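These are the residues of each chain, in order.
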Amino acid sequence: MEILWLSLSAALAVAIPAIATAWAQSRIGPATAAALAEKPELSATAVILVAIPETMVILGFVVAVLIMLRAGG
Amino acid sequence: MIRPMAKVRIMGPKAELSAVLDALQQLAILHLALPRQREGLSIEPSSPRSERRRRQLSAALQRADLAMKALEVPARPLSSEGAAVVESEGTTALCRAVRTAYRVSRKARGLVERIGSLEEEGQLLRKYRDLFDVFGDVLASQQRWVNAAGFEVIIRATDDDHLKRLRAALQAEIGDSFELKWKRLPSGDIALLILVPESLRSRIEQWMKSTDLEEIALPEGYEERGLAEAIPAMSERLREVEAQLLSLAEERRRLASSEGPRLRQARASLSQRIERLDALAASGRTEHAFVIDGWVPSEWVQRLKSHLKLRTSSSVTVAELGRESWKSENAPVVLSNPRIFRPFEAIVRLLPLPRYGSIDPTPFVAVFFPMFFGLILGDLGYGAMLALLALLLWRGSERESLRRSIAEMIGACSLFTLIFGALYGELFGDLGHRWLGLRPLWFDRSEAVLPFLGLALALGLVHILLGLSLGVVTAFQRSRKEALGKGVAILMVTLIVVALLAMFEILPRAFFVPAVVILLIAFPVLVVTEGLLAPIELLATVGNVLSYARVMALGTASVMLAVVANRMVGSLGSVAVGALFALLFHLVNFALGLFSPTIHALRLHYVEFFGKFYSPGGTRYQPFGGSAGGGMINR
């Protein structure tokens, strides 16, 4: 039973931040595209802005890996 | 590094101003600055006449740019001979440049408009091309009918029953007095010709309205003719349009090759003259003398002095101003790095330039960017593909071009990818291990996930501490108190890490208590030196270190995707199909492997690393006379 809960936790640890990241990027993407159309020199800022929410899903993935390692152990 | 600059002041009799400006423009190393207004020294506002002249020249320059764009003339700098010709030009030559800009831009605009309108017409006619093919045969039957009316329609038919239903509906309306010719279009729709006796024309028109069937709309100029006549005419016109477009493209090539050099010369003359007017406006004048202030790279001050001595009279003097008389933030910035680091200046240039006197991060980016990239992708196969891509980009690229810089950056990334690929023992994931018995020299990151995470965080800690140390150096130039605060922050970050490692018994547990005690002592020092927000910044810094976990996350994802690609060979039944899917999957993984590590390595630099020390807001070094491609730096 414990393995089931651990697997579910790992899945949620990735899934919830992934949805959050997708939502954040769906807002940031069009805004940065519009900003770049007017000011192409903001490309570095655009990269940063789009990459910032990805931290959530990446850390979610790390947490999921740690949970799965516990499940394996 | 940022090249050291010197501020110089050139003074002389007013009558010499023109000769001095000529000499400065030819040398093209002085970045002009407005001299400080003092008693008796004035910066004369531009006269309406010179304002008007500047506007006219700018308009001509704009025309020259438009013409160069329309004729696709590359805007490369003039050769040294060409630049010399520009420098020696007088008013007549300038008038010639203005005339050339207007004349060629007129011709180019006419050509571009004609090409645009023909392309538009061609596109419209090409939309009917399928109809030409289909209705060409169908309409042949219309020729044989006397006193007949033809209706051409397109119907979206998903099945042949649709046509049967239409025939039945037509039969119900007018009996058997019709003929139906049809052919399927490449798009899947059906082109239909309904032939009926002329006497039934109005009835069929009414019926079509009630069934939502619409006759094919012909383009403007062909509506009156009917499809039977229009199709051959449109086909003929399309052939004419295509021939005319070819001849216009040839005309554009001829114009570009005959007028291109003159246009480049004209552009250089115009931009130099505009620069000259701006320089004149930036020079300070007294009743009898002039003053020009500007910046020049320190090692070129002597060169400037010798050049002016040669080209002007002895009454013109060049003085280097003392460091105490100017502020760092006003000095222009030239990034100057060793050849091996120079391609990575492109990454720094994506942000506003660093301020003069602060630190140019290019050498650090040149080391850490490809290292993070290699840590993430780390695969001998992908590294080799990357090296090949770098080689392809490098070949045919011009020196100092962006393409050359990108090729060299990819080359460095491929080198680190190969190194880490050997350390991880990866060749297209686990293919090297399965086929060639390849073993990791360091660790297998698909198995040793926790050590990989530890490595990523340790590297992150080193990177962040380096950033904080550079921040101390930058802060030291402004205020010692600020530098002390940043130093304490470095100490506290290190102690937090030591305490955590001791708590988890990675370091001896004996380290824990001393680390916490020193942390408690350092905390008030941090608040006093850096302010109340400093503890929050400290937490953010610890968060920054955790952000490097992405190196492990992306790296693990990359190797897992490669392993999944390899598993496809055996799991899809057919080996050939499996191999094809595996190849496709590896290609997708390679594309992801190019994009994802780049974005994340950039982010780690821009957000986590630069945030600790980078001071943006530097002014770009733009030497007077550099616009035509002359000048020391460009030469």
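What counts and how
Residues numbered from 1 in each chain as written. Chains lettered and ligands numbered in written order. Predicted model: local features only at pLDDT ≥ 70, side-chain atom pairs only at ≥ 80, totals over all residues. Axes fitted to C-alpha atoms, helices over the stretch in contact; angles between N-to-C directions. Helix = DSSP H or I, 4+ residues; strand = E, 2+ residues; numbered from the N terminus. Parallel < 35°, antiparallel > 145°, perpendicular 65-115°, else oblique. Left-handed = near helix turned anticlockwise from the far one by under 90°. Contact = placed C-beta atoms within 7 Å. Nonpolar A, V, L, I, M, F, W, Y, C, P; charged D, E, K, R; others polar. Buried ≥ 20, exposed ≤ 12 C-beta atoms within 10 Å, placed from the backbone. Expected span 1.5 Å × (residues − 1). Arc of directions from axis to C-beta. Core = buried A, V, L, I, M, F, W, Y, C linked by C-beta atoms within 7 Å. Pairing = 2+ DSSP bridges.

Colleague: With reference to specific residues and values, describe the packing of helix H1 (residues 17-27) of chain B against helix H9 (residues 301-311) of chain B.
Modeller: All names here are of chain B. Across the interface, H1 lies against H9 with an axial gap of 10 Å and an inter-helix angle of 135°. Here H9 runs oblique to H1, going by the angle between their axes. Between H1 and H9 lies a crossing of right-handed hand. When H1 is examined against H9, the residues Ala-19, Val-20, Ala-23 and Leu-27 are found in contact with a partner set consisting of Leu-304, His-307, Leu-308 and Arg-311. Grouping the amino acids of the contact of H1 with H9 by side-chain chemistry returns six nonpolar, one polar and one charged.

Colleague: With reference to specific residues and values, describe the environment of B:Val517.
Modeller: All names here are of chain B. With respect to the secondary-structure elements, Val-517 resides in helix H17 (residues 512-530). The exposure class of Val-517 is exposed, given the 11 C-beta atoms found within 10 Å. In this structure the C-alpha to C-alpha distance between Val-517 and Leu-495, which are 22 residues apart in sequence, comes to 9.7 Å.

Colleague: Go over the interface of chain A and chain B with me, naming the residues and quoting the values.
Modeller: Many authors give the size of an interface as the accessible area that is lost as the parts come together. With twelve residues of chain A in contact, the opposing surface of chain B contributes 16 residues. When contributions to the side of chain A that touches chain B are tallied by element, the ones reaching two or more residues are helix H2 (43-51) and helix H3 (54-72) of chain A. Grouping the amino acids of the side of chain A that touches chain B by side-chain chemistry returns ten nonpolar, two polar and no charged.

Colleague: Explain helix H12 (residues 380-394) of chain B to me, and be specific about the residues and the numbers.
Modeller: Residue and element names in this part refer to chain B. Given a rise of 1.5 Å per residue, 15 residues ought to cover 21 Å, and the 21 Å separating the end C-alpha atoms of H12 matches this to within 8%. Along H12, the positions that sit buried rather than exposed are Leu-380, Tyr-382, Gly-383, Leu-386 and Ala-390. End-on view of H12: buried residues confined to an arc of 155°, all on one side of the axis. Exposed side chains of H12 directed beyond 90 degrees from the buried face belong to Leu-388 and Leu-392. Residues of H12 that are buried in the fold lie against helix H11 (362-377), helix H13 (402-424), helix H14 (431-436) and helix H20 (575-609). Remark: Gly-396 follows H12 within two positions and exhibits a positive phi of approximately 85°.

Colleague: Mind laying out unusual backbone geometry, listing which residues take part and the relevant values?
Modeller: All names here are of chain B. Although it is not a glycine, Glu-400 sits at a positive phi angle of roughly 65°. On the secondary structure map, Glu-400 appears in the loop between H12 and H13. Take Glu-400: there are 10 C-beta atoms within 10 Å of it, and that puts it in the exposed class. One non-glycine residue with positive phi stands out, namely Phe-428, at about 50°. Structurally, Phe-428 can be placed in the loop between H13 and H14.

Colleague: Break down the nonpolar core for me, citing the residues and quoting the values.
Modeller: Residues and elements named next belong to chain B. With 95 residues, the main nonpolar core has Val-20, Leu-304, Phe-369 and Phe-372 as its most contacted residues. Of all the elements, H11 adds the most residues to this core, at ten residues. Beyond its immediate chain neighbours, meaning those up to four positions away, Val-20 contacts Ile-10, Gly-12, Ile-292, Leu-308, Thr-312 and Val-316. Ranked by size, the runner-up nonpolar core spans 18 residues in total, among them Met-68, Leu-71, Ala-108 and Leu-263.

Colleague: Just give me the short version of the sheet that holds strand E4 (residues 148-155) of chain B, but keep the residues and values in it.
Modeller: Residues and elements named next belong to chain B. An order of E4-E6-E5 is seen for the three strands of this open sheet, with the pairing classed as antiparallel. Edge positions in the open sheet fall to E4 and strand E5 (179-184), since each of these has one partner strand only. Taking each pair of neighbouring strands and ignoring which way they run, the sheet shows an average axis angle of 15°. Where E4 lies against strand E6 (residues 190-197), eight bridges are found, and the strand directions are antiparallel. Note that in E6 the partner of Phe-151 across the bridge is Ile-194.

Interpretation in functional terms is not warranted from these geometric data alone.
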